[in-house]
Amino acid sequence: MLTMEIAGLKLKNPTILAAGFLGTSASILKRVADSGAGAVTIKSIGPEPREGNPNPTVLCWGEGLMNAVGLPTPGYKNMTREWAELKDISVPVIASFYGGSISEFVEVAEAIVENKPAMLDVNIGCPNTKKHGAVFGKDPETAGKLINKIKEVAGSIPVMPKLTPNTDNMLEVAKACVDNGADAIAGFNTWGPGMVIDVNVRKPVMGFKTGGISGPAVRPLMVKGIYDLYEKIDAPIVAVGGIMYGTDVIEAMMAGATAVEIGSGIHYRGIDVFSKACSEMEAWMKENGVKSLEELVGSAH
Ligand SMILES: Cc1cc2nc3c(=O)[nH]c(=O)nc-3n(C[C@H](O)[C@H](O)[C@H](O)COP(=O)(O)O)c2cc1C
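Conventions adopted
Residues numbered from 1 in each chain as written. Predicted model: local features only at pLDDT ≥ 70, side-chain atom pairs only at ≥ 80, totals over all residues. Helix = DSSP H or I, 4+ residues; strand = E, 2+ residues; numbered from the N terminus. Buried ≥ 20, exposed ≤ 12 C-beta atoms within 10 Å, placed from the backbone. Contact = placed C-beta atoms within 7 Å. Pairing = 2+ DSSP bridges. Axes fitted to C-alpha atoms, helices over the stretch in contact; angles between N-to-C directions. Near = placed C-beta within 6 Å. Nonpolar A, V, L, I, M, F, W, Y, C, P; charged D, E, K, R; others polar. Right-handed = clockwise from strand over helix to strand, strands pointing away. Core = buried A, V, L, I, M, F, W, Y, C linked by C-beta atoms within 7 Å. Parallel < 35°, antiparallel > 145°, perpendicular 65-115°, else oblique. Left-handed = near helix turned anticlockwise from the far one by under 90°.

(A) Here's a closer look at the overall build of the protein. Scanning the protein for helices and strands turns up 9 helices and 16 strands. Dimensions of the protein along its principal axes, counting C-alpha atoms only, are 50 × 50 × 40 Å. The buried share among the 301 residues of the protein stands at 52%. Restricting to contacts in the protein with at least 6 residues of sequence separation, those with at least 24 account for 72%.

Shown next, in the form of structure tokens:
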């Protein structure tokens, strides 16, 4: 009932682990796969080893999470052991990555492609570093050029840029990516950035002072973004932002998503949030006489 296909990738259900929440280590990603996710995304890999930002880097502030992890990475050259172990995972493994320039993105993509991940998730939307990420997601021309170059090295592996919502140009960036060959579009990376101040010490809580917002607080923003994307672009859409219940997945699909990613939902509902959301979807579909996911995609338009 929940099987589906996105950009040639066949999944047993439409729930995918979002990049970053659980790192790159195969043992934890295996647990996510075994607990019901349709696919898993590894934390974004960068060109060089990077420590990320000072602690605290993740905060649950009540209605959502705030993070400024800052893209810590072992660097693609130090991933040999991880890649070997990731091969044992029972569901498709999507590789997220980033660079500080088009040539760095391409360099990392070339190395990743050798390990044959199921899909390339191009992180053009991280708000938590000074140099990387979001700059590529804010300018349609730059984003288009980047995707064009990545498609040249991707071979048959589908390419999915992951957008930042933090720009007036979001729809134009998505269109430029699709016009340059993107096989799917993921929306969105975290929102903001925001800030939380500890009133007792009169200082921002996060080590980086600011952080990207995720979790339940951003879900209506995400839904509107997906709705707009569905009207603008001709490519499958993966929704990400605040999804944790079966009806959240269904809502995102009605807005136009073919599949969804879940990150913060793990904090709220546990590592088996994927199987919980799937059971809830199946129950809703039965109750409402819906036989396949295709019936849902874009049905709110
Ligand atoms: C702790 C943490 C680390 C993250 N790391 C990455 C990352 O490495 N690459 C990326 O593209 N997105 C990263 N994200 C963003 C998530 O993949 C996702 O887009 C965002 O959290 C919204 O989804 P959610 O509300 O389900 O968490 C991270 C988010 C969090 C909370």
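(B) Layout of the sheet that holds strand 6 (residues 65-67). Strand order across the open sheet formed by 4 strands is 5-6-14-11, with antiparallel pairing between neighbours. Either end of the sheet is taken by a strand with one partner, and the two such strands are strand 5 (58-60) and strand 11 (191-194). Within this sheet the neighbouring strands show an average axis-to-axis angle of 30°, counted without direction. Bridge count between strand 5 and strand 6: 3 bridges; the pairing is antiparallel. Bridged to Cys-60 within strand 6 is Leu-65.

(C) Representation of the site of the ligand. Neighbouring the ligand are 28 residues; Ala-18, Gly-20, Ser-214, Gly-263 and Ser-264 lie closest to it. Only strand 4 (39-45) and strand 6 provide two or more residues apiece to the shell around the ligand. Looking at side-chain class alone, the shell around the ligand contains 12 nonpolar, 14 polar and 2 charged residues.

(D) Molecular detail of the sheet that holds strand 9 (residues 159-163). Here 8 strands make up a closed barrel; going around it, the order is 3-4-7-8-9-10-15-16 and the pairing parallel. For this sheet the average axis-to-axis angle between neighbouring strands, irrespective of direction, equals 25°. Bridging between strand 3 (residues 15-17) and strand 4 involves 2 bridges; their strand directions are parallel. Along strand 4, the bridge assignment pairs Ile-16 with Ala-39. Sitting on the sheet, helix 5 (residues 170-179) touches strand 9 and strand 10 (185-187), and the angle it makes with strand 9 is about 170°.

(E) Broad picture of the pairing of strand 8 (residues 119-123). With 5 of 5 residues buried, strand 8 is to be regarded as a mostly interior element. Side chains Met-119, Asp-121 and Asn-123 of strand 8 all project onto a buried face; the interleaved residues Leu-120 and Val-122 project onto the opposite face, where all are buried too. For strand 7 (residues 93-97) and strand 8, the ladder comprises 4 bridges, and the chain directions are parallel. Counterpart to Ala-95 in the pairing with strand 8 is Leu-120. Chirality of the crossover, the property in question, places the unit of strand 7, helix 3 (residues 102-113) and strand 8 among those that are right-handed. In this structure, strand 8 lies alongside strand 9, joined through 4 bridges in parallel fashion. Looking at strand 9, one finds that Asn-123 is bridged to Lys-162.

(F) Structural context of the nonpolar core. Membership of the largest hydrophobic core comes to 98 residues, with the highest contact counts inside it found for Val-40, Leu-120, Ile-185, Ile-226, Val-238 and Val-260. Setting aside anything within four residues of it in sequence, one finds Val-260 in contact with Pro-14, Thr-15, Ile-16, Val-238, Ala-239, Val-240, Ile-243, Val-249 and Ala-252.

(G) Structural view of the packing of helix 5 against helix 6 (residues 219-232). Between helix 5 and helix 6, the shortest axis-to-axis distance is 10 Å and the interhelical angle comes to 45°. In terms of orientation, helix 5 and helix 6 fall into the oblique class. The handedness of the crossing between helix 5 and helix 6 comes out as right-handed. Along the contact surface, helix 5 presents Met-170, Leu-171, Ala-174 and Lys-175, while helix 6 presents Gly-225, Asp-228, Leu-229 and Lys-232.

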